[in-house]
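Single-letter residue listing:
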Amino acid sequence: MEQKYIRNFSIIAHIDHGKSTLADRILEQTNTVQQRDMVSQILDDLDLERERGITIKLNAVSLNYTSDDGNTYLFHLIDTPGHVDFTYEVSRSLAACEGAVLVVDATQGVEAQTLANVYLAIDNDLTVLPVINKIDLPSAMPEMARHEIEHDIGLDASNAPLISAKLGTGVHQVLEDIVKYIPAPNGDPEAPLQALIFDSYYDSYRGVIVAVRIKNGEIKVGDNITLMSNGQSYQVTELGIRSPKEINKNKLECGEVGWIAASIKSVKDVRVGDTITLTERPCAEPLPGYRQLQSMVYCGLYPTDNARYNDLRDALEKLQLNDASLKFEAETSQALGFGFRCGFLGLLHMDVVQERLEREYNLDLIATAPSVVYEVHLQNGDVQLIDNPAVLPSNQMIDYIAEPYVKASIMAPKDYIGPIMELCQNKRGIYQDIIYMDDSRVFIVYELPLSEIVFDFFDKLKSCTKGYASLDYELIGYRKSELARMDILINGEPVDALACIVHSKFAYQRGSTITRKLKEIIPKQQFEIPVQAAVSGKVIARTNIKAYRKNVLAKCYGGDVSRKKKLLEKQKEGKKRMKAVGSVEIPQEAFMAVLSMDED
Amino acid sequence: MADSLYVHVPFCRHLCYYCDFAKRIYNEELADQYLDQLENEISRIRQDHFDTVYIGGGTPSALTCRQLEKLFRMLSRFTVGSEFTFEINPETMTLEKALLLKKSGVNRVSIGIQTFDEVILKEIGRTHVLKDVDNTFRYLKEAGIENISIDLMYGFENQTVNQLQCDIEKAVKLDIKHISIYELEIHEGTVLGHRGYRNCSDNDLYLMYRTVRYKLPCYGFQQYEISNFAIDGYQSVHNKTYWHYNDYIGIGLGAAGKENHVRYENTHSMKEYLAGNWRKEEIRLGVEDERFETLMMGLRLLEGIDIEEYNETLSCNILEHYREPIEKNISNGRLIVDSGYLRLSDTGIYLMNDVLVDFMVWL
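Because the structure is predicted, anything quoted here is derived from the model rather than measured. (Residues numbered from 1 in each chain as written. Chains lettered and ligands numbered in written order. Predicted model: local features only at pLDDT ≥ 70, side-chain atom pairs only at ≥ 80, totals over all residues. Heavy atoms only, no water.)

Student: Help me out: how do you make sense of the interface of chain A and chain B in this one?
Tutor: The figure often quoted for interface size is the accessible area lost as the parts come together. Taken together, the contacts link 24 residues of chain A with 43 residues of chain B. Buried area between chain A and chain B, summed over both chains or domains, comes out near 3100 Å², and the portion from carbon and sulfur atoms is 54%. Sorting the residues of chain A by area buried against chain B places A:Arg549, A:Lys550 and A:Tyr557 first, and these three jointly supply 23% of that buried surface. Along the contact surface separating chain A from chain B lie six salt bridges. In this structure, A:Lys565 and B:Glu293 form a salt bridge, with 2.8 Å as the shortest nitrogen-oxygen distance. Counting every contact that joins chain A to chain B gives 20 residue pairs in polar contact (both at pLDDT 80 or more). Residues of the side of chain A that touches chain B, tallied by class, amount to eight nonpolar, six polar and ten charged. (Contact = heavy atoms within 4.5 Å. Buried area = accessible area lost by both parts, 1.4 Å probe. Salt bridge = Lys/Arg side-chain N within 4 Å of Asp/Glu carboxyl O. Polar contact = N/O pair within 3.5 Å; in protein donor to acceptor, adjacent residues only side chain to side chain. Nonpolar A, V, L, I, M, F, W, Y, C, P; charged D, E, K, R; others polar.)

In structure tokens, the structure reads:
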């Protein structure tokens, strides 16, 4: 296909603004998928994604569109994940496109997430076509949305199509606009191969399948290729496009988007953003923008039943086949036994992995409180990266600790400025800017420690703005902080899995909340149990769990045997779910108590 | 051969708010149909002698004299070796019924009093007043029934330890031989459960039980089971069948029994029962089930489990078979092996469930 008939684009939108629905309609109206084969929202492969209404895995579909100008065009629709955890992946899939369709919900208007992704698109020199969706809803305010697109983002929206992706209204105009306004690719077909990797997934028969955009040159079956970030070479065994089923081809030409199989064993070797070139005729430079992914959030995952440690390892290995951003290594906790320290891109990523482990692999897990990665500067000049509070070196050895900070952008109706600023201040935020976007909405920028965001910031933000605020954040680097490890002692023994790193200003408050929570959660046992929070060996908060003194069935006659035995079985099960720490039995919820800090 | 027979009469004049037994509001016609069906069930029993018979409820005394006569006629094919007990609620008792019980061979009655506090009685849906209790005792005395047991409860929402002491003092003044005293259990599906009624505090429940255990013996009522106290020579023979986990037959709505290594329970649906579909479920007991259940019942008795008898009946050496939990609980002071018996210690009694769970986990 000549490049002038190719259009590569993404759809970007805030969660729930109708991205997947529009993609479905486009597939239908270009006859790529027959209506009867449509499963709603075809681009979302995973059940979990469909349930949560978010897209995690990237995906690309090729489709043919015969335009009103009489020509047939090859469209590549590249899907992007829609959450703040995956900003880097979004930027790489945008880099595979020349344009983006920006979907704005006519009932909601522009939100922080939309802004973040539009800026990513603009950074990647994409042509952005705004469309206004959900005009079929009675609450739609298309003119308001148009105004916001022009005012907040600075895009001309005067010709933005008014559409209803649900009903298919206006979708034809979107397709025509793509032909008219999104530039065709203009790579050099004769140059050495430069193919951008924007996704990969594991196939148990063919190894890793790599999703690529051919920027320059072309690639054929049998070519020897090299991944530029690590120099590894492979031979292409198969390649093709998806529509959305895989279709094998002999070659992918300049400007096209497709997939490559080359007997690559592990997704870890294939890094999003990397450049593929030909081994025999390499390009001079890799494509710009490649970055190695970093885990932002860590937590310990332990099987409830220690006997299932190997099952958990197998499950993590399987998940990792398709998710190179998931990291894990074995760790042991005195309290929880054998498990894994796992690294994630962010909180959502962590939730999704946990949920998949529990659902798809049928594992019962205990997750410890998430932690960020701290830079611990030692007296002797060494710097250690610590992602687990329990292994923080002793205070005497530490010169200072630095923690990751993010720039957080919050968009909300202006009525909530007060509560949002109060929340940010309470979370050690540093005020940066406040921009009045129009009469009703503001854009608030704070610098915040990532650990506070990881903790419960998003929930708090949602609740103090009745759900109206949206949040985006990006890492801006490490800063020195007054941090110390807080140990939690139960019956005098420190419980490693409950240790956390706190800011000295909040240590007392956090300590008393945690001890109070634990008092509620840990059932009374046969002896009194002191629960203490300590920083540097100094106890800063304490409660006691009183002993229970009676646990006996009042009544048990001939008719009660069955029922009473079941009752004992229940007590036995309860006991099994507890983790013995010294002589104290601690229920699993206790390990999550450090997470939810509602001051109720 | 089963040692004991339990007969369930599921009718009450009023329903108490805490009760989760099989029961219905009394209705003469329904009660007649029920007795007919009970007769069918009785006719299936293939033995003519029981050591003990117990008619419980519900409220057996809610039946009319005519119906009671019919019930006793149905049971008259059995000879009763030692103890024939009948349950009474004070507000349904008359002299005529008392005389009928005596005539029919009943030699022990159990009266549901629960508490002497009229405010609490009302709170838990009991309709008798203290005058009814006095009358009941008068009728029984006149009829010549002397082996009288009463049921009491403690642990009501606003009850104090002092109030419980008053109840105990009133109880022991009655002309009785036996007291069963239970902590109030609040079950789902009862009025109390629905209303969100609570027990008093955990600590008070403990103090109340301790009070019961120390007070009653002062008046000659020795504790012989977790919740049962008796004057010498008046321990309940029938209930000991359960605690020794010997075989017993249960008939009537919702009744349970155990015969020849099968534990069974009758349906709780009156419709099913009247249609003749009595049995709800039967569980064949494996040898480990029986070993554990015998332990779970036997440790309730203060004298404990006769080790030799246990070993013989269940063909194992209990001290070997349950070595780990027994050693653990001896070392932490909850179990005692003494003179051929395995029993709970004085502190073990308060924590019997923990001991049993240790036995369960062990298997």
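Student: Is there a simple way to explain the sheet that holds strand 2 (residues 60-66) of chain A in this structure?
Tutor: What holds strands together in a sheet is hydrogen bonding between their backbones, with the strands either parallel or antiparallel. Residues and elements named next belong to chain A. With mixed pairing, five strands are arranged side by side in an open sheet as 2-3-1-4-5. Pairing within the sheet leaves two strands with one partner each, and these edge strands are strand 2 and strand 5 (127-133). Ignoring which end each strand starts from, the neighbouring axes of this sheet average 30° apart. Helix 1 (residues 19-29) contacts strand 1 (6-13), strand 2, strand 3 (72-78) and strand 4 (99-105) of the sheet and is inclined by roughly 150° relative to strand 1. Contacts from helix 6 (residues 171-181) reach strand 1, strand 2, strand 3, strand 4 and strand 5 within the one sheet, and its direction differs from that of strand 5 by about 170°. (Pairing = 2+ DSSP bridges. Helix = DSSP H or I, 4+ residues; strand = E, 2+ residues; numbered from the N terminus. Axes fitted to C-alpha atoms, helices over the stretch in contact; angles between N-to-C directions.)

Student: Can you walk me through the confidence of the model for chain A in this structure?
Tutor: For residues with low pLDDT, the predicted coordinates do not support detailed interpretation. Per-residue pLDDT for chain A has a mean of 86; in total, 92% of the residues score no lower than 70. In the model, residues 48-58 of chain A has pLDDT below 50 throughout and makes 44 contacts with residues more than four positions away in sequence or in other chains. (pLDDT = per-residue confidence, 0-100.)

Student: Sorry, what's going on with the side chain of B:Asp151 here?
Tutor: Within the secondary structure, B:Asp151 sits in strand 7 (residues 148-154). Discounting chain neighbours no more than four positions away, the residues touching B:Asp151 are B:Ser110, B:Ile111, B:Gly112, B:Ile113, B:Gln114, B:Ser180 and B:Tyr182.

Student: Can you help me understand the confidence of the model for chain B in this one?
Tutor: With 100% of its residues at a pLDDT of 70 or more, chain B has an overall mean of 95. Listed scores for the predicted complex are pTM 0.61 and ipTM 0.92.

Student: Teacher, can you tell me more about the environment of A:Leu129 here?
Tutor: Residues and elements named next belong to chain A. Residue placement: leucine 129 occurs in strand 5. When its relative accessible area of 11% is taken as the criterion, leucine 129 is described as buried. For the pair leucine 129 and alanine 160, spaced 31 residues apart in sequence, the C-alpha separation works out to 7.2 Å. Leucine 129 has contacts with Ala100, Val101, Leu102, Asp177, Ile178, Tyr181 and Ile182, leaving out every residue within four places of it along the chain. (Buried < 20%, exposed > 50% of the residue type's maximum accessible area, 1.4 Å probe, protein only.)

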